[in-house]
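Each chain, letter by letter, is given below.
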There are 2 protein chains.
Amino acid sequence: MQNDLSHYYVAIMAGGVGSRFWPASRDQKPKQFLDILGVGKSLIRLTFERFLSIIPAERILVVTHKNYKSLTQEHLPEIPEQNIITEPSRNNTGPCVAYTAFRLQAMDPKAVFVIAPSDHVILKEDEFLEHIKEALDYAAHNEAIVTLGIQPSRPDTGYGYIETSEDSRQILKRVSSFREKPDLATAEEYLRSGNYYWNAGIFIWSAMTILQNFKKDSPDIYSILATDVSKYNTSGEQDYIDSVYPTTPSISVDYAILEKARNVFTIPVDIGWSDLGTWNSLHAYIDKDSDDTVLIGENTIMIDSKNCLVKTDPDKLVIIKDLDGFIVVDEEDVLLIYPKNKEQEIKQIRSTYGKGGYL
Amino acid sequence: MQNDLSHYYVAIMAGGVGSRFWPASRDQKPKQFLDILGVGKSLIRLTFERFLSIIPAERILVVTHKNYKSLTQEHLPEIPEQNIITEPSRNNTGPCVAYTAFRLQAMDPKAVFVIAPSDHVILKEDEFLEHIKEALDYAAHNEAIVTLGIQPSRPDTGYGYIETSEDSRQILKRVSSFREKPDLATAEEYLRSGNYYWNAGIFIWSAMTILQNFKKDSPDIYSILATDVSKYNTSGEQDYIDSVYPTTPSISVDYAILEKARNVFTIPVDIGWSDLGTWNSLHAYIDKDSDDTVLIGENTIMIDSKNCLVKTDPDKLVIIKDLDGFIVVDEEDVLLIYPKNKEQEIKQIRSTYGKGGYL
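In this report, we go over the structure that sits alongside the text. (Residues numbered from 1 in each chain as written. Chains lettered and ligands numbered in written order. Predicted model: local features only at pLDDT ≥ 70, side-chain atom pairs only at ≥ 80, totals over all residues. Heavy atoms only, no water.)

1. Brief notes about the overall build of chain A
Next, step 1: Helix and strand counts for chain A stand at 11 helices and 17 strands.
Next, step 2: Taken against the 2.2 N^0.38 rule, which gives 21 Å for 359 residues, the C-alpha radius of gyration of chain A at 21 Å falls within 12% of a compact globule.
Next, step 3: Taken along the three principal axes of its C-alpha coordinates, chain A extends 60 × 50 × 35 Å.
Next, step 4: Out of the 359 residues in chain A, the part that is buried amounts to 57%. (Helix = DSSP H or I, 4+ residues; strand = E, 2+ residues; numbered from the N terminus. Rg over C-alpha atoms; globule rule 2.2 N^0.38 Å. Buried < 20%, exposed > 50% of the residue type's maximum accessible area, 1.4 Å probe, protein only.)

Written out as structure tokens, the structure reads:
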């Protein structure tokens, strides 16, 4: 069967604030717009370029908060302005996905799309794209919700898990349940069983299928956004969305759809994935020097220090001696020196001390 | 005997680079021009204002490197421009003192002056000024070199010591010798004996007396700077100094004069003095919070940290957790995080890593 690739789309979700990456990530310029890896490109740019080798810019959409529209244009000048669809409020990924699906359905009733976060990294790009194409092809011909299931390498308690049926021997495995972030013992059990995968939050489906799922399993979101479907992909869309979107319930697509749906599949993948959720995940991800230290900033001198992550402006000279196990993030207006093993506190530190212009 | 106060002058030495206070102190704006104490005034401004209550601005001179003339004008707008005398090269305090004496002698043959560093702090200002007046009065009527001898409070190995004759019971004690920085055992012996004082580098003498001392004990410096005494205090002085001054030997006034002179006296004083020579001396000097931490910067949050010194821009939000015994100095282009007990290395760190625009 020949697949008509012209109906394949990508939607990049870029509305988050990245509070766990504070003070590098800010309300006005969150993580996805930063060169967190120190490679000269922002995470959203890396995400865009990754997809660009299989989907042209004209069929890549970004769904983001309205505050980030101009940042998005700046980072992704190739995509048409109308491909940046903007949320007037942050209502989590449920309404975000539904809005994107309504828009794509209006653009192309046969639209099949992958929706993915803008701020993850994927090392094995070829494997990733191969699986994305498999998933798109499957979703084009089946009323299926397809996810990528990351082969777990450790009993991580920071991710949700996808449970597959034990007897599934297909490339696409049927999903029997979604599991929230487990405790360590449960995570270890998941790892041993071999039937559990990390939920990377990357989903593939046709606009028609996911809207059917919303209609059935999240009728409140569906009905609000379906108030006047004639508005989608017209000059009246933004006013319409500004009016109805904020009234949708704030809920993740996992809760709204995935945990209820019966037509969910996963493709187990090994793609060098990280959600870069925290400074520690960045530390784990990036190549370290012999002292187990990650330096982002070209002008940093570490003396007798180890197990640190230091992020600064490339032009700033940083000299650190005898420091062990710290995150050092130096921004123009904020300096954070924080023990690595307490990084889960940073989100709270941000909200406690960041008020007054530092959020 | 009535003293004619109109012949009393102050010369503030402000030519140093403050390398041990790097990266706060820079070649282009050294320590004396910084608000190191976080009180809203630079050290040179504090020094100037201290003397201003006994000597008018018209009789306060600053002797500094030519690079710092405009900085000096900026910090001390009250003093006449001709009172800023500028060295074309850094030749240590010997030539600096001799030049200042030649200039003052040309301005006022009866000049008596105190010459003092610009970057020390003195807590007990009234006691200090009282002793300065005693010293000026004495030097006005005697061919004496008068120093202030700081009552030592600890066996400090970082200062030179002034030894007084054991039988001296006068306010002014005759100095029997100057001792270079001692080892700890020697410093402890000095402290026990009661006849030794810290040399604060604050000297009082008449221009005539100190020039006689130079002529006798440092004839090389004297003869170079006396090549054409008619140039002093004229429009030709700067060109003349630019030509002869760099040929003087680079030597401290301690070595050039004080160690050789027989007419040296000291006034033992307890004036709350610190030379603020290093970050640790600043840490020792400034009021600390309950965690033994000094914060210079109004927006610094220390959590579970102790025994630190943190200097940042007042507007910068700094959040530090679990740090013990570190100096943190954050400048716009340099961040230094260094163990307090290794601060003697900072001068070397500066010259090793500061090249390329950070000195």
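That covers the picture; the talk isn't over yet.
2. Points about the pattern of salt bridges
Close approach of charged atoms allows side chains with opposite charge to pair.
Residue and element names in this part refer to chain B.
Next, step 1: All told, the structure shown has 36 salt bridges over all chains when counted by the stated rule.
Next, step 2: A salt bridge links R50 to E125; its shortest N-O distance comes to 3.9 Å. A residue pair is termed long-range when its members are at least 10 positions apart, and R50 in helix 1 (residues 43-52) and E125 in helix 4 (residues 125-141) qualify at 75 residues.
Next, step 3: The class for R50 is buried, based on a relative accessible area of 5%.
Next, step 4: A salt bridge links D217 to K216, with the shortest nitrogen-to-oxygen separation between them at 3.4 Å. (Salt bridge = Lys/Arg side-chain N within 4 Å of Asp/Glu carboxyl O.)

3. What to know about the sheet that holds strand 13 (residues 300-303) of chain A
Next, step 1: Taken in spatial order, the 6 strands line up as 13(A)-15(A)-17(B)-16(B)-14(B)-12(B) in an open sheet, and their pairing is mixed. The open sheet terminates on both sides in strands that have one partner only, identified here as strand 13 of chain A together with strand 12 (294-296) of chain B. Geometrically, the sheet is characterised by an average inter-axis angle of 5° between neighbouring strands, direction not taken into account.
Next, step 2: In terms of strand pairing, strand 12 of chain B meets strand 14 (residues 309-311) of chain B through 3 bridges, oriented parallel. Looking at strand 14 of chain B, one finds that V294 of chain B is bridged to L309 of chain B. (Pairing = 2+ DSSP bridges. Axes fitted to C-alpha atoms, helices over the stretch in contact; angles between N-to-C directions.)

4. Observations concerning the pairing of strand 10 (residues 264-269) of chain B
All names here are of chain B.
Next, step 1: Taking burial as the measure, the 6 residues of strand 10 include 6 buried ones, the bulk of the element.
Next, step 2: Alignment of strand 6 (residues 145-150) against strand 10, held across 6 bridges, turns out to be parallel. The residue of strand 10 that forms the bridge with L148 is I267.

5. Focus on the interface of chain A and chain B
Next, step 1: Opposite the 31 residues of chain A that make contact, chain B presents 31 residues.
Next, step 2: Together, the buried faces of chain A and chain B total about 2500 Å²; carbon and sulfur atoms form 64% of this surface.
Next, step 3: In this assembly, chain A and chain B are joined by 6 salt bridges.
Next, step 4: A salt bridge links K342 of chain A to D322 of chain B, with the shortest nitrogen-to-oxygen separation between them at 2.6 Å.
Next, step 5: Connecting chain A to chain B are 22 residue pairs in polar contact (both at pLDDT 80 or more).
Next, step 6: When contributions to the side of chain A that touches chain B are tallied by element, the ones reaching two or more residues are strand 13, strand 15 (317-321), strand 16 (326-330), strand 17 (334-339) and helix 11 (346-353) of chain A.
Next, step 7: In terms of residues, the side of chain A that touches chain B owes the most to one element, strand 17 of chain A, which gives 6 residues. (Contact = heavy atoms within 4.5 Å. Buried area = accessible area lost by both parts, 1.4 Å probe. Polar contact = N/O pair within 3.5 Å; in protein donor to acceptor, adjacent residues only side chain to side chain.)

6. Re the relation of the copies chain A and chain B
Here two copies of a chain appear, and what relates them is a rotation about an axis with a shift along it.
Next, step 1: Rotating chain A by 180° and translating it 0.0 Å along the rotation axis places it on chain B, where the RMSD comes to 0.0 Å. Both chain copies can therefore be described as sitting about a two-fold axis. Rotation axis and chain A: the residue whose C-alpha lies nearest the axis is E332 of chain A, separated from it by 3.8 Å.
Next, step 2: Both copies contact each other with a shared surface, as 100% of the interface residues of chain A are interface residues in chain B too. (Least-squares fit on C-alpha atoms with pLDDT ≥ 70 in both.)

7. Re the packing of helix 3 (residues 93-107) of chain B against helix 6 (residues 207-217) of chain B
Residue and element names in this part refer to chain B.
Next, step 1: In contact at an axis separation of 9 Å, helix 3 and helix 6 are set at 135° when each is read in the N-to-C sense. Here helix 3 lies oblique to helix 6, going by the angle between them. In terms of crossing hand, the pair formed by helix 3 and helix 6 is left-handed. Here G94, V97, A98, A101, F102 and Q105 of helix 3 lie close against helix 6, whose contacting residues are A207, M208, I210, L211 and F214.
Next, step 2: Residue composition of the contact of helix 3 with helix 6, by class: 9 nonpolar, 2 polar and no charged. (Parallel < 35°, antiparallel > 145°, perpendicular 65-115°, else oblique. Left-handed = near helix turned anticlockwise from the far one by under 90°. Nonpolar A, V, L, I, M, F, W, Y, C, P; charged D, E, K, R; others polar.)

8. Some thoughts on the pairing of strand 15 of chain A
Next, step 1: For strand 15 of chain A, the buried fraction is high: 5 of the 5 residues fall into the buried class.
Next, step 2: Neither face of strand 15 of chain A is exposed, since L317, I319 and K321 of chain A on one face and V318 and I320 of chain A on the opposite face are all buried.
Next, step 3: Across 4 bridges, strand 13 of chain A lies against strand 15 of chain A in parallel orientation. Paired with T300 of chain A across the bridge in strand 15 of chain A is V318 of chain A.
Next, step 4: Where strand 15 of chain A and strand 17 (residues 334-339) of chain B come together, 4 bridges link them in parallel fashion. Each bridged residue has a counterpart across the sheet, and for V318 of chain A the counterpart in strand 17 of chain B is L335 of chain B.

9. So, the packing of aromatic side chains
Next, step 1: Counted under the stated rule, the structure contains 32 aromatic pairs over all chains.
Next, step 2: Aromatic side chains F113 of chain A and W205 of chain A sit 6.3 Å apart centroid to centroid with 75° between the ring planes, which places their arrangement in the edge-to-face category. Placement of the pair is F113 of chain A in strand 4 (residues 112-117) and W205 of chain A in strand 9 (residues 196-206), with a sequence separation of 92 residues. Of the two residues, F113 of chain A and W205 of chain A, neither departs from the other in class, the shared state being buried.
Next, step 3: Centroid distance W198 of chain B to W273 of chain B: 6.3 Å. Interplanar angle 50°. Geometry classified as tilted. Pair noted here: W198 of chain B is in strand 9 (residues 196-206) and W273 of chain B is in strand 11 (residues 273-274), with a separation of 75 residues, a long-range link.
Next, step 4: Judged by its relative accessible area of 3%, W198 of chain B is buried.
Next, step 5: Here the aromatic residues Y99, F102, Y222, Y232, Y240 and Y245 of chain A are joined through ring pairs into a cluster of three or more.
Next, step 6: When the ring centre of Y9 of chain A is taken as reference, the NZ or CZ atom of R59 of chain A above it lies at 5.9 Å. (Phe/Tyr/Trp six-rings, centres within 6.5 Å; stacked < 30°, edge-to-face > 60°. Lys NZ or Arg CZ within 6 Å of the ring centre and 35° of its normal.)

10. Observations regarding the sheet that holds strand 15 (residues 317-321) of chain B
Whenever strands of a sheet pair, they do so through backbone hydrogen bonds, lying parallel or antiparallel.
Next, step 1: Reading across the sheet, the 6 strands line up as 12(A)-14(A)-16(A)-17(A)-15(B)-13(B) and stay open at both edges, with mixed pairing between neighbours. If you trace the sheet from one side to the other, it starts and ends with strand 12 (294-296) of chain A together with strand 13 (300-303) of chain B, each paired once. Pairwise comparison of adjacent strand axes, ignoring direction, gives a mean angle of 5° for this sheet.
Next, step 2: Sheet topology places strand 16 of chain A next to strand 17 of chain A; 5 bridges connect them, and they run antiparallel.

11. A short note on the environment of L129 of chain A
Residue and element names in this part refer to chain A.
Next, step 1: If you trace the backbone, L129 turns up in helix 4 (residues 125-141).
Next, step 2: Judged by relative accessible area, which is 7%, L129 ranks as buried.
Next, step 3: Once the C-alpha coordinates of L129 and R50 are considered, the two residues, 79 residues apart in sequence, prove to be 8.1 Å apart.
Next, step 4: If we skip the residues at most four places from it in the chain, L129 touches R50, F51, S53 and I54.

12. Digging into the side chain of D330 of chain B
Next, step 1: Topologically, D330 of chain B is positioned in strand 16 (residues 326-330).
Next, step 2: Engagement of the side chain of D330 of chain B in a polar contact is seen with the side chain of K316 of chain A, the distance being 2.6 Å.
Next, step 3: Every residue in contact with D330 of chain B, bar those within four places of it in the chain, is listed here: K316, D330 and L335 of chain A together with K311, T312, D313, K316 and L335 of chain B.

13. A look at unusual backbone geometry
Next, step 1: The omega torsion of the bond from W22 of chain A to P23 of chain A falls at 5°, within 30 degrees of zero and hence cis.
Next, step 2: Relative to the helices and strands, P23 of chain A is located in the loop between strand 1 (8-13) and helix 1 (43-52).
Next, step 3: Positioned with a positive phi, N92 of chain A is a non-glycine residue whose angle comes to about 70°.
Next, step 4: When you line up the elements, N92 of chain A lands in the loop between strand 3 (84-87) and helix 3 (93-107).
Next, step 5: Notably, N307 of chain B is not glycine yet its phi reads approximately 50°, a positive angle.
Next, step 6: Summarising the element assignment, N307 of chain B is placed in the loop between strand 13 and strand 14.
Next, step 7: A relative accessible area of 24% places N307 of chain B in the partly exposed class.

The values reported here are purely geometric and, on their own, carry no functional implication.
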